Amino acid sequence: MASTDLCTLADVKAWLGRSDSNSDAVLTSLITRTGRQIHSYLRRGLLLPREVSEARDGTGGETLVLKHWPVLSVASVMIGSETIPQRSALCASGWALEPWDGTPPGRAQTLSLAGFCFHRGALNVEIAYRTGYQIGAESQTVANASATVLAPYGAWASDGGVSYADGTPLTPVTAAPAIGQYQLTPNAPGSYTFNAGDNNASVLITYGFVPADLADACIELVSERFKYAQRIGERTHSLGGNETIAFDTTRLTPLVVSLLQPYRHVLPI
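Thresholds, definitions, all that
- Residues numbered from 1 in each chain as written.
- Predicted model: local features only at pLDDT ≥ 70, side-chain atom pairs only at ≥ 80, totals over all residues.
- Heavy atoms only, no water.
- Helix = DSSP H or I, 4+ residues; strand = E, 2+ residues; numbered from the N terminus.
- Buried < 20%, exposed > 50% of the residue type's maximum accessible area, 1.4 Å probe, protein only.
- Contact = heavy atoms within 4.5 Å.
- Areas by Shrake-Rupley, 256 points an atom, 1.4 Å probe, with all protein chains shown as cover.
- Lys, Arg positive; Asp, Glu negative; His and termini not counted.
- Charge placed at Lys NZ, Arg CZ, Asp CG, Glu CD.
- Salt bridge = Lys/Arg side-chain N within 4 Å of Asp/Glu carboxyl O.
- Polar contact = N/O pair within 3.5 Å; in protein donor to acceptor, adjacent residues only side chain to side chain.
- Core = buried A, V, L, I, M, F, W, Y, C linked by side-chain atoms within 4.5 Å.

S.K.: What is the right way to read the overall build of the protein chain from this model?
M.R.: Regarding its fold elements, the protein chain presents 4 helices and 16 strands. Over its C-alpha atoms, taken along the principal directions, the protein chain stretches across nearly 80 × 55 × 25 Å. When the 269 residues of the protein chain are sorted by exposure, 38% land in the buried category. Nonlocal contacts in the protein chain, meaning residues at least 24 apart in sequence, comprise 70% of its contacts between residues at least 6 apart. Entry remark: accessible area of the protein chain is about 14,100 Å², with carbon and sulfur atoms responsible for 53%. Looking at charge distribution, the protein chain has the averaged site of its 19 positive side-chain charges lying 9 Å from that of its 23 negative ones.

S.K.: Whenever I open this one, the pattern of salt bridges confuses me. Can you help?
M.R.: A side chain of one charge can pair with a side chain of the opposite charge when the charged atoms of the two come close. Within the structure shown, the criterion is met by 5 salt bridges. Two residues, Asp20 and Arg18, come together in a salt bridge whose shortest N-O distance is 3.3 Å. By relative accessible area, which is 29% here, Asp20 ends up partly exposed. With its nearest N and O atoms 2.5 Å apart, the salt bridge here joins Glu54 to Arg56. One exposure class covers both Glu54 and Arg56, and it is buried.

S.K.: Explain the side chain of His265 here, please?
M.R.: Mapped onto the elements, His265 comes out in the segment after helix H4 (254-260). On the accessibility criterion, His265 (7% relative accessible area) is buried. One polar contact links the side chain of His265 to the main-chain carbonyl oxygen of Lys67, over a distance of 2.9 Å. Those residues in contact with His265, other than ones at most four positions away along the chain, are Leu42, Arg43, Arg44, Leu66, Lys67, Trp69 and Ala108.

S.K.: How do you make sense of the nonpolar core when you look at a structure like this?
M.R.: Within soluble globular proteins, side chains that are nonpolar generally end up buried alongside one another. Of all hydrophobic cores here, the largest spans 45 residues; its most connected members are Tyr192 and Phe194. Broken down by secondary-structure element, the contributors of at least two residues to this core are helix H1 (9-16), helix H2 (24-42), strand S10 (154-164), strand S13 (191-194), strand S14 (202-211), helix H3 (212-228) and H4. With 8 residues, the single largest contributor to this core is H3. Apart from the residues within four sequence positions on either side, Phe194 is in contact with Val142, Ala145, Ser146, Ala147, Val162, Leu170, Pro177, Gln181, Tyr182 and Val203. Counting 15 residues, the second largest nonpolar core, distinct from the first, contains Val52, Val77, Trp95 and Tyr129.

Right under this line is the structure:
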């Protein structure tokens with residue numbers, strides 16, 4: 001899958017009721033192009049977990065709304081050449097991040113300062129953080145040398161690491177894993193393979209996911225575009241003069257708009 005893909009070939013073929021592979025190349029291309037179009041419509045960057053570095057103009061105030069969301073963690077905040085500490089019980093001054101509740105769609109989050117301000121200047125503020133839709137540390141028990149994530153808000157899309165319940169990380173491998181290692185099960189997104197010696201071990205799995213609403217919108221758009229090839233330019237179709245079928249020719253149907261709208265970035269940042 002491309003980094004912008006929001007659904008899989010299997011998703012689309014199931015929706016279209018197709019079991020043959022005759023149109024796989026066309027559908028795969030449509031999935032990638034449609035994913036990019038949805039990202040553009042949402043006015044957002046990539047939705048899967050990634051690290052970003054954001055340069056901003058200092059406003060003279062004590063708060064900034066970050067461009068990307070949901071924000072999972074902040075690595076550093078710098079104003080000019082000064083590194084701002086994180087606010088804590090031991091340090092009342094510093095930065096604090098408005099938390100994400102972990103459920104999509106989320107919203108743009110605010111970074112606030114205490115004891116500091118974002119001094120006015122051009123691109124004098126730099127914030128490094130991790131963003132994207134991610135389930136953090138889902139608890140699973142290894143059984144039969146495997147475990148499969150629950151993916152409650154949308155399909156598994158990227159691996160974020162596995163650790164034992166005590167926090168000790170397991171090492172990802174691409175071959176048969178030894179004890180303390182794991183492998184992404186081939187052709188089974190969201191399934192993890194372990195060594196039999198790790199059976200009954202409690203593990204914490206972190207992974208990125210595509211929100212189900214966005215996947216549904218992508219499936220709808222890809223399927224509509226694929227079917228459109230059979231009726232290019234048609235607005236209506238008459239069946240023997242007894243019945244007339246009218247086609248919705250809008251690029252984004254009301255259903256798709258309703259699915260996408262909660263995820264759209266509308267703030268003027």
